[in-house]
Amino acid sequence: MKRSRWFSVVMKRTAALMLLGGSGISGVAVELSGWDAEGALTWKGALAPGIATVETAPSASGPWTPVRNVFSLSSTGSVALARESATQFRRVRSDLMEPGAAGFRTLVGAYGLLETIAGNGAGQEDPVSYWSEFYEGVPGSWAALSRPHYAMADRTGRVFIADKNSHSVLRVDLDGTIHTHAGSHEGGFEGEGPLAATQMKLRFPNALWVRGDGTVYVLDTGNGRVRRVDLEGTMQTLFVATSNGGELEGGRTLWVNDTETLAYFGAETRVRSWTPSAGLRTVASGFSEIGNLCVEANGNLIVADRGAHYVYRVTPAGVRSILAGNGKTSGGGHGSPGRSTGLYGVRGVWPMPTGGFLLLTHDGCQLWYLDAGGTIWRLLNGDGGRTHAGDGLPFYSAEPRISEGRSVTLDPQGNILVCESDWGYVRRIRFERLPD
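What counts, and where the lines are drawn
- Residues numbered from 1 in each chain as written.
- Predicted model: local features only at pLDDT ≥ 70, side-chain atom pairs only at ≥ 80, totals over all residues.
- Heavy atoms only, no water.
- Helix = DSSP H or I, 4+ residues; strand = E, 2+ residues; numbered from the N terminus.
- Rg over C-alpha atoms; globule rule 2.2 N^0.38 Å.
- Buried < 20%, exposed > 50% of the residue type's maximum accessible area, 1.4 Å probe, protein only.
- Areas by Shrake-Rupley, 256 points an atom, 1.4 Å probe, with all protein chains shown as cover.
- Lys, Arg positive; Asp, Glu negative; His and termini not counted.
- Charge placed at Lys NZ, Arg CZ, Asp CG, Glu CD.
- pLDDT = per-residue confidence, 0-100.
- Contact = heavy atoms within 4.5 Å.
- Salt bridge = Lys/Arg side-chain N within 4 Å of Asp/Glu carboxyl O.
- Pairing = 2+ DSSP bridges.
- Axes fitted to C-alpha atoms, helices over the stretch in contact; angles between N-to-C directions.
- Core = buried A, V, L, I, M, F, W, Y, C linked by side-chain atoms within 4.5 Å.
- Phe/Tyr/Trp six-rings, centres within 6.5 Å; stacked < 30°, edge-to-face > 60°.
- Disulfide = S-S within 2.5 Å.

1. Things to note about the overall build of the protein
Working step 1: A tally of regular secondary structure across the protein gives 1 helix and 34 strands.
Working step 2: The C-alpha atoms of the protein give a radius of gyration of 22 Å, which matches the 22 Å a tight globule of 436 residues would have.
Working step 3: Counting only C-alpha atoms and orienting by the principal axes, one finds that the protein spans roughly 70 × 45 × 45 Å.
Working step 4: Sorting the 436 residues of the protein into buried and exposed places 57% on the buried side.
Working step 5: Accessible surface computed for the protein: about 16,700 Å², of which carbon and sulfur atoms make up 48%.
Working step 6: Considering the protein, the positive charge centre built from 41 side chains and the negative charge centre built from 42 side chains are found 6 Å apart.

2. Here's the deal with the confidence of the model for the protein
Working step 1: Scored by pLDDT, the protein has a mean of 91; 92% of the residues are at 70 or more.
Working step 2: Contacts of residues 10–29 to residues separated by more than four positions or lying in other chains number 40 contacts, the stretch itself having pLDDT below 50.

3. Some details on the pattern of salt bridges
Working step 1: Taken as a whole, this structure holds 25 salt bridges when the rule is applied.
Working step 2: Where D126 meets R147, a salt bridge forms, and the shortest distance between an N and an O atom there is 3.4 Å. With D126 in the loop between β9 (114–118) and β10 (148–153) and R147 in the loop between β9 and β10, this residue pair connects regions lying 21 residues apart in the sequence.
Working step 3: By relative accessible area, which is 14% here, R147 ends up buried.
Working step 4: For R313, the salt bridge identified is with E296, shortest N-O distance 2.8 Å. Here E296 lies in the loop between β23 (290–295) and β24 (301–305) and R313 lies in strand β25 (residues 310–314), a separation of 17 residues in the sequence.
Working step 5: Several salt bridges converge on common partners, so that one network encompasses D126, R147, K164, R406 and D422.

4. Here we look at the sheet that holds strand β27 (residues 336–337)
Working step 1: Strand order in the open sheet made by the 5 strands is β27-β31-β30-β29-β28, with antiparallel pairing throughout. Of all the strands in the sheet, the pair left with one neighbour each is β27 and β28 (346–351).
Working step 2: Here β27 pairs with strand β31 (residues 375–380) via 2 bridges, running antiparallel. Note that in β31 the partner of S336 across the bridge is I376.
Working step 3: Where helix α1 (residues 101–110) meets the sheet, it contacts β30 (367–370) and β31, and its direction lies at approximately 25° from that of β31.

5. Re the side chain of N300
Working step 1: Structurally, N300 can be placed in the loop between β23 and β24.
Working step 2: We classify N300 as buried; its relative accessible area is 13%.
Working step 3: Apart from the residues within four sequence positions on either side, N300 is in contact with C294, V295, R313, V314, T315 and P316.

6. Regarding the nonpolar core
If you look at soluble globular proteins, the nonpolar side chains tend to sit buried side by side.
Working step 1: Residues Y111 and L367 are the most contacted members of the largest nonpolar core, which totals 71 residues.
Working step 2: Those residues in contact with L367 that lie beyond four places of it in its chain are L358, L359, L360, W377, R378, L379, L380, I402, V408, I416, V418 and I429.

7. Description of the pairing of β28
Working step 1: Here β28 lies mainly inside the structure; 5 of its 6 residues are buried.
Working step 2: In this structure, the hairpin formed by β28 and strand β29 (residues 357–361) is closed by a connection of 5 residues, where G355 is found at a positive phi of approximately 110°.

8. Here we look at the packing of aromatic side chains
Two aromatic rings, taken as a pair, are described by how far apart their centres are and by the angle between their planes.
Working step 1: Within the structure shown, the criterion is met by 15 aromatic pairs.
Working step 2: Between F104 and Y396, the ring centres sit 5.9 Å apart and the planes meet at 70°, which makes this aromatic pair edge-to-face. A residue pair is termed long-range when its members are at least 10 positions apart, and F104 in helix α1 and Y396 in the loop between β31 and β32 (405–410) qualify at 292 residues.
Working step 3: A residue is classified by how much of its surface remains accessible, and F104, at 5% relative accessible area, is buried.
Working step 4: Residues F239 and W274 carry aromatic rings whose centres are separated by 4.4 Å and whose planes lie at 10° to one another, so their mutual orientation is stacked. Taken together, the residues F239 in strand β18 (residues 234–240) and W274 in strand β21 (residues 270–275) connect sequence positions 35 residues apart.

9. Notes on the sheet that holds strand β34 (residues 425–429)
Working step 1: The strand order across the open sheet formed by 4 strands is β9-β34-β33-β32, and the pairing between neighbours is antiparallel. The open sheet is flanked by β9 and β32, the only strands paired with a single partner. Here the average twist between neighbouring strands, direction ignored, is 25°.

10. Points about the state of the cysteines
Working step 1: Going through the model one piece at a time under the given rule, you end up with 0 disulfides.
Working step 2: With no disulfide partner, C365 has as its closest neighbouring cysteine sulfur the one in C419, 14 Å distant.
Working step 3: For C365, a relative accessible area of 1% corresponds to the buried category.
Working step 4: Judged by its relative accessible area of 0%, C419 is buried.

Written out as structure tokens, the structure is:
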């Protein structure tokens, strides 16, 4: 099967659409569906699962510059692109991302620069808060974070951070500035709400979940509750996460469905669920130290067990099987079977749209890609201590870039967000192909 396809298009303001050739790198013609007045470029015949890259040029002869990537889950695809001139040239590259070394190269080639979007690395002590009023509204990389544990974006690209030791949820806006989204930066308890989110106290929020529309759910571990912050900035309790209403021990992960009819969260050695009708229930137990979890489309849970160095697949009925890890701190490695590889303190887990998972290790300080065939590949290398390097450079390097990891997520644009807690950074790997 051909691994890549190219096609080109020129669009004029008269809405005339012309296909140019079909003689790209692979020599395979791909049909272009159109480019409408709103700027939606559509195509069919792309390779799937894969990655489609839109490129632009001032003329049909180039030079061509990559401007947008999207994951291809079927042969058809679309992306919204603003028109920059009366006559524009566009072509779309479609690369296959199947399991194996070639698919890993496709993934690496689709990502570009590494950057810090929040955190200046000013402090590491636990449980000290390093937040200052000075940081409100400044660029996110100027602010001192306080053991951030989870970072996740809404569909617009705003990034929300559970900043545990500052007792708050912080938000990085599209202009790069950082703001308090919830919590007063003073740990405590002021009831169930509703109150203005920035006037209501949290206590060691250790995880969050962000709905596409910007609704934020907070695992308020010190108060043993899950809070909801609505679009008007009001916070209130969604449910109490402990039987006695007290502190939630070992809570490091949260997932809430869009209808608020089901939630999962971690409680140290147990995965627990909540529904409005049945309340709290233990889904699975016997873990060593639960990190993060995610939920597959079929309802199965993927659970990182930091203490056991395993990633498990867990059915809603609680049946558990090993997805990755050998239960040790070493062994296997890049290009090896995932279940033969030591995932030292694996903590973060996130599904890839094209299959497979991103896995982040706390003690091992590495970001891995587990492909759909079960082979594991190293994406980011790291080291303990105050390792922080590579900002503004291509992300893929053997040199250490990160330190202790807490969470990994994908934003809706495909960028990878990595939360490094101990030294207080949130990093982003841009889903933007670098020019050849």
